[in-house]
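If you want the building blocks of each chain, they are given just below.
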Amino acid sequence: MILKSETIAAVATALNDSGIGIIRVSGDESIEIVNKIYKSPGKKNLVDFESHTINYGFIYDGEELIDEVMVSIFKGPRSYTAEDIVEINCHGGVLVTNKVLETVIKNGARIAEPGEFTKRAFLNGRIDLSKAEAVMDMISAKNDYAMKSSLKQMRGSLYNLIKELRAELLYEIAFIESALDDPEHISLDGYNEKLTVKNNDIIKRVERLYDTADNGKMLKEGINTVIVGKPNAGKSSLLNVLVGQEKAIVTDIAGTTRDMIEESIRLSGIGLNIIDTAGIRHTNDKVEMIGVERAKEVAVDADLIIYVVDSSVPLDKNDREIMNLIRGKKIIVLLNKSDLNVVVDENVIISNLHKSIDVITNEEYSDFNNNVYDVKFNQIHDSIKVIKTSTKDNIGIEELEDSIKEMFFHGDIKLNDEVMLTNLRQKDAVKDALDSLLMVKRSLEDNMPEDFLSIDLMGAYSSLGYVIGEEIGEDVVNEIFSKFCMGK
């Protein structure tokens, strides 16, 4: 059912000097409103034009000629909003674009709110909420993989999966309710065994979907990467190599970097939000101390730690503090300055990153660089990778790129073949559904009455509906679309 609503208008292209500017108008009166200000060489009425046509003419404000334009007509429900839409393609200057919009507003439309066109598409049933969110993800995509993932979601990959899961749950709910209402004709004998198999299968599929959330977030927003290490280890040189320009000052003086430097880059198609931090060491310099504390703070929330070690000098108590700080994270250790005489054993670092905080005592400092412990290199967890590098000669940088891809996306990224969750709202909804399904599993194991099963199955059904907008309140809808850009 198409909602009857006011006619809205907005500039759908960026407001800057460009070849073309587009003013989008949507609503029951969109064609009539634009017809008031449009004149064609043949003096034809816009109402008479066929849908999905583009027409040459002029925009007037009364008797004043505003611009020479092309006007596109999309009659509902075969349009983006499922309403009548008119798009005025004018010259792209800021002044002329705004003038055309003002003329449309003057003749009966109102300014659209952020995301209101897509919101109408959702409310009119043309797209579900996951597709609507994918529209904004597509606009804000920072890399090819995020763009492909958004495109797949816009085409219904997540929607189709959720609909399939909900249909299976609804069948079980309906069967239980029917059996409880009509026990003489519908038997529940042996049903618990059948439901156990079905429920376990759905749990596996929902768990698989839930596990995509972190990768989906990183694809969309980038991997939050923090570079840590002692002063003069080569952190700033690494940042400059990755960015491809001299963003950070590099000197032989330890402590040159005293504050954080943030950059966003694309590495093999993957977005990295990189923070270069002050060298972590004990210092009495107040300014440097602030930088060290900030480095520790951002390291806690990082998706990835790149720990740069000067492999030409022995490890010391500052290295111990760094390893205690980053332990448990996804870590790539760069044994930098590998072109010099290397005195640091990579197994020492790996073994200490796997030990508890207090395993290395003050008395062990003298033996810190020789104590390898009983940890074999090929048994190390895949959350830690050690690479020999030389930022001076660009050695090891390609291996760094491959390691990031392997660590987060298991090598080749085939994300366009996978359904993914891309925001916290979707993740929370799927988590709630998974919790309900696990309650069903527990109830089956405890031989609880069938109405308990029905309640939790319905909980999972409703939570999955939240993902695609079939179980959602108006306040949440308004909050989601308020984050969209104007004109979309």
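If you're wondering where the values come from, they're calculated on a predicted model, not measured in any experiment.

1. Re unusual backbone geometry
In this structure, the amide linkage connecting Gly76 to the following residue, Pro77, adopts the cis form with an omega of 5°. With respect to the element layout, Pro77 can be found in the loop between β5 (64–74) and β6 (85–91). Positive phi outside glycine occurs at His52, with the angle close to 60°. At Lys337, a residue that is not glycine, the phi angle is positive and equals roughly 60°. Structurally, Lys337 can be placed in the loop between β12 (331–336) and α12 (346–353). Exposure remark for Lys337: the relative accessible area of 22% places this residue in the partly exposed category.

2. Description of the sheet that holds β12
Strand order in the open sheet made by the six strands is β9-β10-β8-β11-β12-β13, with mixed pairing throughout. Since the sheet does not close on itself, it has two edges, and those belong to β9 (261–267) and β13 (384–388), each with one partner. Pairs of neighbouring strands in the sheet enclose a mean axial angle of 25°, with direction left out of account. With seven bridges connecting them, β9 and strand β10 (residues 270–276) associate as antiparallel partners. Residue pairing in the sheet places Ser264 in a bridge with Asn273 of β10. Each of β8 (223–229), β9, β10, β11 (304–310) and β12 touches helix α9 (residues 235–243); the most contacted strand, β9, lies at about 45° to it. Packing against the sheet, helix α11 (residues 317–326) makes contact with β8, β11 and β12, and its axis sits at approximately 170° to β11.

3. Digging into the environment of Gly271
If you trace the backbone, Gly271 turns up in strand β10. For the pair formed by Gly271 and Glu221, sequence separation is 50 residues and the distance between their alpha carbons is 7.3 Å.

Rules used throughout
- Residues numbered from 1 in each chain as written.
- Predicted model: local features only at pLDDT ≥ 70, side-chain atom pairs only at ≥ 80, totals over all residues.
- Heavy atoms only, no water.
- Helix = DSSP H or I, 4+ residues; strand = E, 2+ residues; numbered from the N terminus.
- Buried < 20%, exposed > 50% of the residue type's maximum accessible area, 1.4 Å probe, protein only.
- Pairing = 2+ DSSP bridges.
- Axes fitted to C-alpha atoms, helices over the stretch in contact; angles between N-to-C directions.
- Contact = heavy atoms within 4.5 Å.

In short, shape yes, function no, at least from these values alone.
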